[in-house]
Amino acid sequence: KQEVTQIPAALSVPEGENLVLNCSFTDSAIYNLQWFRQDPGKGLTSLLLIQSSQREQTSGRLNASLDKSSGRSTLYIAASQPGDSATYLCAVNSGSARQLTFGSGTQLTVLP
Amino acid sequence: DTAVSQTPKYLVTQMGNDKSIKCEQNLGHDTMYWYKQDSKKFLKIMFSYNNKELIINETVPNRFSPKSPDKAHLNLHINSLELGDSAVYFCASSPWSSPGPIYYEQYFGPGTRLTVT
């Protein structure tokens, strides 16, 4: 059964810093991996999707990498801003129903 | 143009009541899902339907009954609501097959916050 772990659970950084969020998963037989952002009391915003055959994806200041063989993904945020403060969720798409298995999230606070 | 919509957005009800949450997608996707986000913010799959057929039921109490009248709709009916059912319920959809590279990106609705008192 797929399990997804995110480290750290919480992170606080000063504005302008580059940072890395980590995600690991137990079963490498995946279709893809999605990174989401969730603001308090809000829904999920999809940030990046990496297909199983890809190594990385970039969108603006965000870069996500995938190492399927080792069961790891990272989300790199460059030049962080207070508006980046949110919970970041990693979700792995696998299984017969192609369902998402979510990590417990990293709560990011960017201090002005 | 809302891709995945859910109604209601908020639902407050008493223990023992029966309630329904509706989900609709206009993306032409074959597969729809229900996820539950508990008080600790952990998201977990509940059900998945492909072309109106149930393909996954993740140990959810049988008080929860999903119904898919057509490919674009997946409703969630909950009988005899309990305090522990309080959570945010997210609907999602994705294509089942792709003519090109495998993609299967899931698109989420805004969520329904259920509070049972």
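Above this text sits the structure in question.
As the structure is a prediction and not an experimental result, all values here were calculated from the model.

*Asks:* Just checking my understanding: could you explain the overall build of chain A for this structure?
*Replies:* What chain A contains, in helices and strands, is 0 helices and 11 strands. Its helices and strands taken in sequence order, chain A reads β-β-β-β-β-β-β-β-β-β-β from the N to the C terminus. In terms of overall size, chain A behaves like a compact globule, its C-alpha atoms giving a radius of gyration of 13 Å where 112 residues would be expected to give roughly 13 Å. Oriented by its inertia axes, the alpha-carbon framework of chain A measures out at about 45 × 30 × 20 Å.

*Asks:* What exactly am I supposed to notice about the sheet that holds strand 7 (residues 64-70) of chain B here?
*Replies:* Residues and elements named next belong to chain B. Taken in spatial order, the 4 strands make up an open sheet running 1-3-8-7, and their pairing is antiparallel. The open sheet has two free edges, formed respectively by strand 1 (4-7) and strand 7, since each of these has just one partner strand. For this sheet, the mean inter-axis angle between neighbouring strands, taken without regard to orientation, is 20 degrees.

*Asks:* So what exactly am I meant to see when it comes to the interface of chain B and chain A here?
*Replies:* With 22 residues of chain B at the interface, the matching set in chain A holds 23 residues. Interface of chain B and chain A: buried area, both sides summed, is about 1900 Å²; carbon and sulfur atoms make up 55% of it. Taken together, the connections running from chain B to chain A amount to 0 salt bridges. Counting across the interface, chain B meets chain A through 4 residue pairs in polar contact (both at pLDDT 80 or more). Going through the elements one at a time, strand 4 (31-37), strand 5 (43-50) and strand 6 (53-57) of chain B are the ones with two or more residues in the side of chain B that touches chain A. Of the residues assigned to the side of chain B that touches chain A, the class counts are 15 nonpolar, 4 polar and 3 charged.

*Asks:* What should I look at first to understand the sheet that holds strand 1 (residues 4-7) of chain A in this one?
*Replies:* Residue and element names in this part refer to chain A. The strand order 1-3-8-7-6 describes an open sheet built from 5 strands, whose pairing is antiparallel. The strands lining the two open edges of the sheet, one partner per strand, are strand 1 and strand 6 (56-59). Neighbouring strand axes in the sheet, compared pairwise and without regard to direction, differ in orientation by 15 degrees on average. Judged from the 6 bridges that link them, strand 7 (residues 62-67) and strand 8 (residues 72-77) form a sheet pairing that is antiparallel. Considered in strand 8, the bridge of Asn63 is made with Tyr76.

*Asks:* Got a minute to help me understand the nonpolar core in this structure?
*Replies:* Where a protein is soluble and globular, its nonpolar side chains tend to be buried together. In this structure, Phe25, Leu33, Trp35, Leu75, Ile77, Tyr88 and Leu108 of chain A are the most contacted members of the largest nonpolar core, which totals 23 residues. Apart from residues no more than four positions distant in its own chain, Leu75 of chain A is found in contact with Leu19, Val20, Leu21, Trp35, Leu47, Leu48, Leu62, Asn63, Ala64 and Tyr88 of chain A. If you look at the next biggest cluster of nonpolar residues, it comprises 20 residues, including Trp34, Met46, Tyr49 and Val60 of chain B.

*Asks:* Teacher, can you tell me more about unusual backbone geometry here?
*Replies:* Of all residues except glycine, most have a negative phi; of all peptide bonds, most are trans. Cis geometry is adopted by the peptide bond preceding Pro8 of chain A, which originates at Ile7 of chain A and carries an omega value of 0 degrees. The residue Pro8 of chain A is located in the loop between strand 1 and strand 2 (10-14) in this model. Residues Thr7 of chain B and Pro8 of chain B are joined by a peptide bond in cis, for which omega reads -5 degrees. Mapped onto the secondary structure, Pro8 of chain B falls in the loop between strand 1 and strand 2 (10-13). For Lys52 of chain B, which is not glycine, the phi torsion reads 75 degrees and is therefore positive.

About the thresholds
- Here the residue index of a chain counts from 1 through its sequence in written order.
- The lettering of chains begins at A and the numbering of ligands begins at 1, in the order of writing.
- In keeping with the predicted nature of the model, local features appear solely for residues at pLDDT of at least 70, side-chain atom pairs appear and are counted solely at 80 or more, and the whole-chain, interface and lining totals rest on all residues.
- To get the side-chain values, take all heavy atoms of the structure and skip hydrogens and water.
- Counting from the N terminus, the helices are DSSP H or I runs at least four residues long and the strands are E runs at least two residues long.
- The globule rule is 2.2 Å times the number of residues to the power 0.38, and the radius of gyration it is compared with is taken over C-alpha atoms.
- For two strands to pair, DSSP has to find at least two bridges joining them.
- Only the stretch in contact is used when fitting a helix axis, every axis being a line fitted to C-alpha atoms; angles between N-to-C directions are given from 0 to 180 degrees.
- Between two residues, a contact is recorded if the distance between any of their heavy atoms is within 4.5 Å.
- The term buried area denotes the loss of accessible surface (1.4 Å probe radius) that occurs when two parts are joined, taken as the sum for both partners.
- A side-chain nitrogen of Lys or Arg and a carboxyl oxygen of Asp or Glu constitute a salt bridge if their distance falls within 4 Å.
- As used in this structure description, the phrase polar contact means that two N or O atoms lie within 3.5 Å; if the pair is within protein, one of them must be able to donate a hydrogen and the other to accept it, and residues adjacent in sequence are counted only when both atoms belong to side chains.
- Under the scheme applied, nonpolar residues are Ala, Val, Leu, Ile, Met, Phe, Trp, Tyr, Cys and Pro; charged residues are Asp, Glu, Lys and Arg; polar residues are all the others, including Gly.
- For the purposes of this section, nonpolar cores are sets of buried Ala, Val, Leu, Ile, Met, Phe, Trp, Tyr and Cys residues that join through side-chain atoms within 4.5 Å.
- Buried residues are those whose accessible area, probed at 1.4 Å on protein chains only, stays under 20% of the maximum for their type, while exposed residues exceed 50% and partly exposed ones sit between those limits.

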